[in-house]
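What follows is the residue order along each chain.
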Amino acid sequence: MSIQSNLNTIAASLPEHVTLVAVSKTKPVSDLMQAYEAGQRIFGENKIQEMTDKWEEMPKDIQWHMIGHVQSNKVKFMAPYVSLIHGVDSLKLLQEINKQALKNNRVMDCLLQIYIAEEESKFGLDEAELNELLASSAFKELENIRILGLMGMATFTEDQNQIKKEFTHLKSIFDSIQEKKNTFSDASKLDDFSTISMGMSGDYKLAIECGSTMVRIGSSIFGGR
Ligand SMILES: *Cc1c(COP(=O)(O)O)cnc(C)c1O
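Values in this document were obtained by computation on a predicted structure and should not be read as measured data.

Contact geometry for helix H1 (residues 3-13) and helix H2 (residues 29-37): axes closest at 9 Å, N-to-C directions at 45°. On the basis of their axis angle, the class for H1 and H2 is oblique. Pair H1 / H2 crosses with right-handed handedness. Judged by residue contacts, Ile3, Gln4 and Leu7 of H1 engage Asp31, Gln34, Ala35 and Glu37 from H2. Taken together, the residues of the contact of H1 with H2 break down into three nonpolar, two polar and two charged.

Structure representation (structure tokens):
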């Protein structure tokens, strides 16, 4: 199957309220251009250097999403152009993103990554840390960021019940924040809090059933890595 037909099949199967991020990490620009020519405009990368190289080379109407773990000292390289940062998991990182956004005279959109898996290696905040961050006065001072929602990754397992439990957990945290968002220190940063980024090639259908509004799909579009 070609990249174009993979993409078209997946895109056509998604409900209208679900956004497709085509995860193109490790793939050459020629592969990304095939997806671009099929109409895809949102690409996800997990390394800032690689994403920046591709941004420089490719059409400027692409929205670049950083889906990987972000090191603070590299935020500056993507600050001029990045469209959405999925993996924000600390106040310190948010402060650096805010600083670089200010330098670039823009607002940067972020998702907060929530730890939902049963694996040691996955990054993210737990529910208590999330609430603490959103209620903090340090968060209130960040004028150049917006929090558009939450992101999570399920455990790498075949056990559908386990994955479903984790996605449902993320959705319930999302709902509780949405209900009380006006009580946080600076609710305006949460005005557009409406995105749940969850679901990859192996589990995106289940993720959508559990309330995902943004799926990050790589290998089912571009082939294995
Ligand atoms: C690589 C990656 C994906 C895509 O994974 P596939 O299984 O290839 O669809 C999604 N999200 C994150 C955070 C990733 O690193």
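From this point, the narrative continues.
Where charged atoms of side chains with opposite charge meet at close range, the side chains can pair. Summed over all chains, the structure comprises seven salt bridges. Here Asp192 makes a salt bridge to Arg146, at a shortest N to O gap of 2.7 Å. With Asp192 in the loop between helix H8 (160-180) and strand E7 (195-197) and Arg146 in strand E6 (residues 145-152), the pair connects residues that are 46 residues apart, well separated along the chain. Residues participating in the shared-partner salt-bridge network are Glu45, Glu50 and Lys54.

As a further point, take the site of the ligand. The immediate surroundings of the ligand are formed by Val23, Lys25, Ile67, Met151, Met153, Met200, Ser201, Arg216, Ile217, Gly218, Ser219 and Arg225. Contact between the ligand and Ser201: an oxygen atom at 2.5 Å from a side-chain N or O atom of the residue. At a separation of 2.8 Å, an oxygen atom of the ligand approaches a polar backbone atom of Gly218. The fraction of the free accessible surface of the ligand (380 Å²) that becomes covered by protein chains is 89%.

With that settled, the discussion passes to the UniProt feature "modified residue: N6-(pyridoxal phosphate)lysine" (unreviewed entry) in the protein. Per the UniProt annotation, the sites labelled "modified residue: N6-(pyridoxal phosphate)lysine" (unreviewed entry) are Lys25. Secondary-structure assignment places Lys25 in the loop between strand E1 (19-23) and H2. For Lys25, the residues in contact, after removing those within four places along its chain, are Gly44, Glu45, Asn46, Glu50, Lys54 and Arg225.

What counts and what doesn't
Residues numbered from 1 in each chain as written. Predicted model: local features only at pLDDT ≥ 70, side-chain atom pairs only at ≥ 80, totals over all residues. Heavy atoms only, no water. Axes fitted to C-alpha atoms, helices over the stretch in contact; angles between N-to-C directions. Helix = DSSP H or I, 4+ residues; strand = E, 2+ residues; numbered from the N terminus. Parallel < 35°, antiparallel > 145°, perpendicular 65-115°, else oblique. Left-handed = near helix turned anticlockwise from the far one by under 90°. Contact = heavy atoms within 4.5 Å. Nonpolar A, V, L, I, M, F, W, Y, C, P; charged D, E, K, R; others polar. Salt bridge = Lys/Arg side-chain N within 4 Å of Asp/Glu carboxyl O. Near = heavy atom within 4 Å. Polar contact = N/O pair within 3.5 Å; in protein donor to acceptor, adjacent residues only side chain to side chain. Areas by Shrake-Rupley, 256 points an atom, 1.4 Å probe, with all protein chains shown as cover. UniProt positions renumbered as here; feature names shortened; annotations may be inferred.

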